[in-house]
Amino acid sequence: MAGPRMQLVLSENWTMSGGKVDLPLMIRWAREAEDAGFNSVMISEHIVLGPDACANGIMGNPRDYALPGNQDPYMPWPNSLLMLASIASVTERVGLAASAVIAPLRHPLLLARELGTLDLLSEGRLTVLPNVSWSRDEYTALGVPFSRRGRMLDEHLEIWRRLWGPSPVSYKGEFFSFEDVYFEPKAYRPEGPRLCFGGAGMHDAMVRRIVRHGHAFNPLGRPAPDEMRRLSEAMTAAGRDLAELEMVGGIRAVFPDDRSCGDLAQALESIPEQMSLGFTTFCIKPSQFTDDPNGVTAFCREVMRRVESTMR
């Protein structure tokens, strides 16, 4: 059995830089993760946040993952694609995961141009998790209909699929229409960047998108056996195999209180069980386990040492 593939989460780590926006520091962490043997780095996004970000109250420990309705609206969210482009220019091997790209907030031709260019810059290292997100306030601020975001995402995916093929390309849909556009250059891969889908629950749209477009699956939480069975059956019906999908799990800390980091060894204990369920890639956020911005190299090496020891 191949060993676990580790992904360093670069978003939401502001407790390690005193709450300040330090983008060069994030880029340095990406280089350090690559040097330590991590397989990929991940950055998520929001464009803006509104009052609904903390409608359920701000999470207790600022090191935790920011869940819908529990986010501090002052949390910094730099542009993920620009950050990944900067990381691509200073790394050689590490994969680039653009997570939670809120596709309906852009025009699909513009977003495809950005994604294709980043894929070319990184020579095929890009994986994109396009989604519709959860903040109605964010959609309102950008003048995009929140209730139609799922159908808009579906049009994005179909348009991208066409754009990676021969030019010219035409499309006529409910939200986007154009005729005879020439889209050059394309992405690095003939099929475009790898696409990952994830979120809460195994709803019909999720299954359909994974089956038609997906290379990877990153659920929010642990999917139930019947949900995985449903996905497997849908893949089989489409002539695909569930084993084709990269299964992305997570490493989460248990915090003793709202001021402290979690225990790394305890958090990594979940990897063997997750691997037995088919998960192969594991996201880990450094600020859950250290407050030292200069300790990411040591942290990444310790993660790899512990992970490798669990496979012996």
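Residues numbered from 1 in each chain as written. Predicted model: local features only at pLDDT ≥ 70, side-chain atom pairs only at ≥ 80, totals over all residues. Heavy atoms only, no water.

Visitor: Can you lay out the environment of Ala103 for me, pointing to particular residues and giving the numbers?
Guide: With respect to the secondary-structure elements, Ala103 resides in the loop between β3 (95-102) and α3 (108-121). Distance in space between the C-alpha atoms of Ala103 and Tyr65 is 21 Å, their sequence separation being 38 residues. Residue contacts for Ala103: discarding those within four places in its chain leaves Leu111, Asn131, Leu153, His156 and Trp160. (Helix = DSSP H or I, 4+ residues; strand = E, 2+ residues; numbered from the N terminus. Contact = heavy atoms within 4.5 Å.)

Visitor: Let's hear about the nonpolar core: which residues, and what values?
Guide: Leu8 and Ile284 are the most contacted members of the largest nonpolar core, which has 86 residues in total. Considering every element that reaches this core, the biggest residue donor is helix α1 (residues 23-36), with 7 residues. When near neighbours in sequence (up to four residues on either side) are disregarded, Ile284 contacts Met6, Gln7, Leu8, Val9, Phe38, Tyr65, Ile251, Leu264, Leu268, Phe289, Phe299 and Val303. (Core = buried A, V, L, I, M, F, W, Y, C linked by side-chain atoms within 4.5 Å. Buried < 20%, exposed > 50% of the residue type's maximum accessible area, 1.4 Å probe, protein only.)

Visitor: Just give me the short version of the pattern of salt bridges, but keep the residues and values in it.
Guide: Counted under the stated rule, the structure contains 18 salt bridges. Here Glu12 and Lys285 are joined by a salt bridge, their closest N and O atoms 4.0 Å apart. In this pair, Glu12 sits in the loop between β1 (5-9) and α1 while Lys285 sits in the loop between β10 (281-284) and α10 (296-310), placing the two residues 273 residues apart along the sequence. Owing to a relative accessible area of 10%, Glu12 belongs among the buried residues under this scheme. Where Asp291 meets Arg63, a salt bridge forms, and the shortest distance between an N and an O atom there is 3.0 Å. Taken together, the positions of Asp291 in the loop between β10 and α10 and Arg63 in the loop between β2 (40-43) and α2 (80-90) put the pair 228 residues apart, joining distant regions of the chain. Given a relative accessible area of 36%, Asp291 falls into the partly exposed group. A network of salt bridges, in which partner residues are shared, links Asp154, Arg208 and Arg209. (Salt bridge = Lys/Arg side-chain N within 4 Å of Asp/Glu carboxyl O.)

Visitor: Quick rundown of unusual backbone geometry? Include the residues and the values.
Guide: A negative phi angle is the norm for most residues apart from glycine, just as the trans form is the norm for most peptide bonds. In this structure, the amide linkage connecting Ser167 to the following residue, Pro168, adopts the cis form with an omega of 0 degrees. Structurally, the position occupied by Pro168 is in the loop between α5 (149-163) and β5 (169-172). In this chain, Glu184 is followed by Pro185 through a cis amide linkage whose omega measures -5 degrees. Tracing the backbone shows Pro185 in the loop between β6 (177-181) and β7 (194-199). Positive phi values are uncommon outside glycine, yet Glu12 reaches one of about 60 degrees. A positive phi angle, close to 50 degrees, is found at Asp180, a residue other than glycine. Its place among the elements puts Asp180 in strand β6.

Visitor: Hey, could you go over the side chain of Lys186 for me, with residue numbers and the actual values?
Guide: For Lys186, the location among the structural elements is in the loop between β6 and β7. Given a relative accessible area of 15%, Lys186 falls into the buried group. In terms of polar contacts, Lys186 uses its side chain to reach the side chain of Ser167, at 3.0 Å. What Lys186 contacts, discounting residues up to four positions off in sequence, is Gly116, Leu120, Leu163, Trp164, Gly165, Pro166 and Ser167. (Polar contact = N/O pair within 3.5 Å; in protein donor to acceptor, adjacent residues only side chain to side chain.)

Visitor: Quick rundown of the packing of aromatic side chains? Include the residues and the values.
Guide: Geometrically, a pair of aromatic rings is defined through the distance of the ring centres and the angle of the planes. Under the definition given, this model contains 4 aromatic pairs. A ring pair is formed by Phe289 and Phe299, whose centres lie 6.0 Å apart and whose planes are at 20 degrees; its orientation type is stacked. Residue Phe289 is found in the loop between β10 and α10, and its partner Phe299 is found in helix α10; the two are separated by 10 residues along the sequence. Phe299 matches Phe289 in its accessibility class, with the two residues each being buried. Positioned above the aromatic ring of Phe146 is the side chain of Arg149, whose terminal nitrogen or guanidinium carbon lies 3.8 Å from the ring centre. Stacked on the ring of Tyr65, the Lys or Arg Lys285 has its end atom at 5.3 Å from the ring centre. (Phe/Tyr/Trp six-rings, centres within 6.5 Å; stacked < 30°, edge-to-face > 60°. Lys NZ or Arg CZ within 6 Å of the ring centre and 35° of its normal.)

Visitor: How would you summarise a nonpolar patch on the surface if you had to cite specific residues and measurements?
Guide: Residues Ile47, Val48 and Leu142 make up a contiguous nonpolar surface patch of roughly 210 Å² in combined accessible area. Relative to the assigned elements, Val48 resides in the loop between β2 and α2. According to the relative accessible area criterion, Val48 is partly exposed, its value standing at 34%. (Patch = residues over 30% accessible without salt bridge, like charges linked within 9 Å, V, L, I, M, F, W, Y side chains within 5 Å. Areas by Shrake-Rupley, 256 points an atom, 1.4 Å probe, with all protein chains shown as cover.)

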